[in-house]
Amino acid sequence: GENVEQHPSTLSVQEGDSAVIKCTYSDSASNYFPWYKQELGKGPQLIIDIRSNVGEKKDQRIAVTLNKTAKHFSLHITETQPEDSAVYFCAASRFPSNFGNEKLTFGTGTRLTIIP
Amino acid sequence: DTEVTQTPKHLVMGMTNKKSLKCEQHMGHRAMYWYKQKAKKPPELMFVYSYEKLSINESVPSRFSPECPNSSLLNLHLHALQPEDSALYLCASSQVSGQGQPQHFGDGTRLSIL
């Protein structure tokens with residue numbers, strides 16, 4: 001099955017600086033890669049996702065890049081703000097998948113702290 | 001505010017109790033999911049329902065029993081739980097499953113087993 005590794009496990013960044021979180025996946029057939037932000041006491045919130053037919057996607061201060069050859073993808077947050085402090089999870093899945101085979105595999109998470 | 005609503009937000013129960021967790025979405029999604037999340041860990045998939053049919057059961061103990069009464073509702077019935085079952089239980093939904101559609105999560109039910 002798919003295995004997703006995520007680094008670093010913790011990251012502290014000065015407010016206004018950029019943060020980068022990296023994930024690698026094992027299944028070359030994986031083609032859908034979402035990123036989730038989880039604040040304390042809340043469920044994971046989808047912040048951006050990318051499919052394998054695209055190398056980069058951007059949404060305001062957040063961007064995701066994908067390197068299919070190396071099987072890794074990264075989350076980039078620019079101009080960080082205190083409200084960006086949270087745990088971030090990457091994930092991977094493949095589609096289309098048959099009934100009974102659809103599954104999202106998560107990375108182990110990165111605790112991001114923005115220092116004011 | 002999340003579009004997936006879970007109740008209750010907190011639940012404390014004894015090992016002999018029977019309780020149910022509820023999840024509701026009104027986004028017209030046809031796939032719904034139950035996840036278990038322990039502290040400082042990623043969510044672990046428990047069950048997937050696709051068009052109200054159970055699609056994935058990740059070898060979850062029988063003391064957890066899912067139910068999908070219709071496309072908007074998902075229940076998780078609990079019976080004779082163990083202390084190690086204490087966790088955050090998350091519900092999610094997506095338009096369909098297996099098609100690279102994003103999953104949207106609720107804020108979970110924090111379950112404590114005494």
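Residues numbered from 1 in each chain as written. Chains lettered and ligands numbered in written order. Predicted model: local features only at pLDDT ≥ 70, side-chain atom pairs only at ≥ 80, totals over all residues. Heavy atoms only, no water.

### Let's talk about the overall build of chain B
Across its full length, chain B carries 0 helices and 11 strands. The helix and strand sequence of chain B, counted from the amino end, reads β-β-β-β-β-β-β-β-β-β-β. By the compact-globule yardstick of 13 Å for 114 residues, chain B fits well, its C-alpha radius of gyration being 13 Å. With the principal axes as the frame, chain B shows a C-alpha extent of 40 × 30 × 25 Å. For chain B, the proportion of its 114 residues judged to be buried stands at 48%. Contacts spanning at least 24 positions in sequence make up 54% of the contacts within chain B whose residues lie at least 6 apart. Of the roughly 5,500 Å² of accessible surface on chain B, 48% is carried by carbon and sulfur atoms. (Helix = DSSP H or I, 4+ residues; strand = E, 2+ residues; numbered from the N terminus. Rg over C-alpha atoms; globule rule 2.2 N^0.38 Å. Buried < 20%, exposed > 50% of the residue type's maximum accessible area, 1.4 Å probe, protein only. Contact = heavy atoms within 4.5 Å. Areas by Shrake-Rupley, 256 points an atom, 1.4 Å probe, with all protein chains shown as cover.)

### Description of the state of the cysteines
Residues and elements named next belong to chain A. According to the stated counting rule, one finds 2 disulfides over all chains in the structure shown. The side chain of cysteine 23 participates in a disulfide bridge whose partner is cysteine 90; the two sulfur atoms lie 2.0 Å from each other. Taking the sign of the S-S torsion, -100 degrees for the link of cysteine 23 and cysteine 90, the bridge is left-handed. Of this pair, cysteine 23 sits in strand β3 (residues 19-25) while cysteine 90 sits in strand β9 (residues 86-92), and the two are 67 residues apart along the sequence. Of the two residues, cysteine 23 and cysteine 90, both sit in the buried class. (Disulfide = S-S within 2.5 Å.)

### Things to note about empty space enclosed by the protein
Empty space among the atoms can be located by rolling a probe the size of a water molecule over them. This model, assessed by the stated rule, comprises 2 cavities of 30 Å³ or more. When its volume is computed, the largest cavity comes out at roughly 140 Å³. In terms of lining, the largest cavity is formed by 20 residues, of which the most central are A:Ser93, A:Glu102, B:Tyr33, B:Gly98 and B:Gln103. Those elements that provide at least two residues to the lining of the largest cavity are β4 (31-37) and β5 (44-50) of chain B. When its residues are assigned to classes, the lining of the largest cavity shows 8 nonpolar, 9 polar and 3 charged. (1 Å grid on protein atoms, 1.4 Å probe; cavity = no way out; pocket = protein on both sides within 12 Å on 5 of 7 lines; lining within 4 Å. Points joined across faces, edges and corners; volume = space filled by probe spheres on them. Nonpolar A, V, L, I, M, F, W, Y, C, P; charged D, E, K, R; others polar.)

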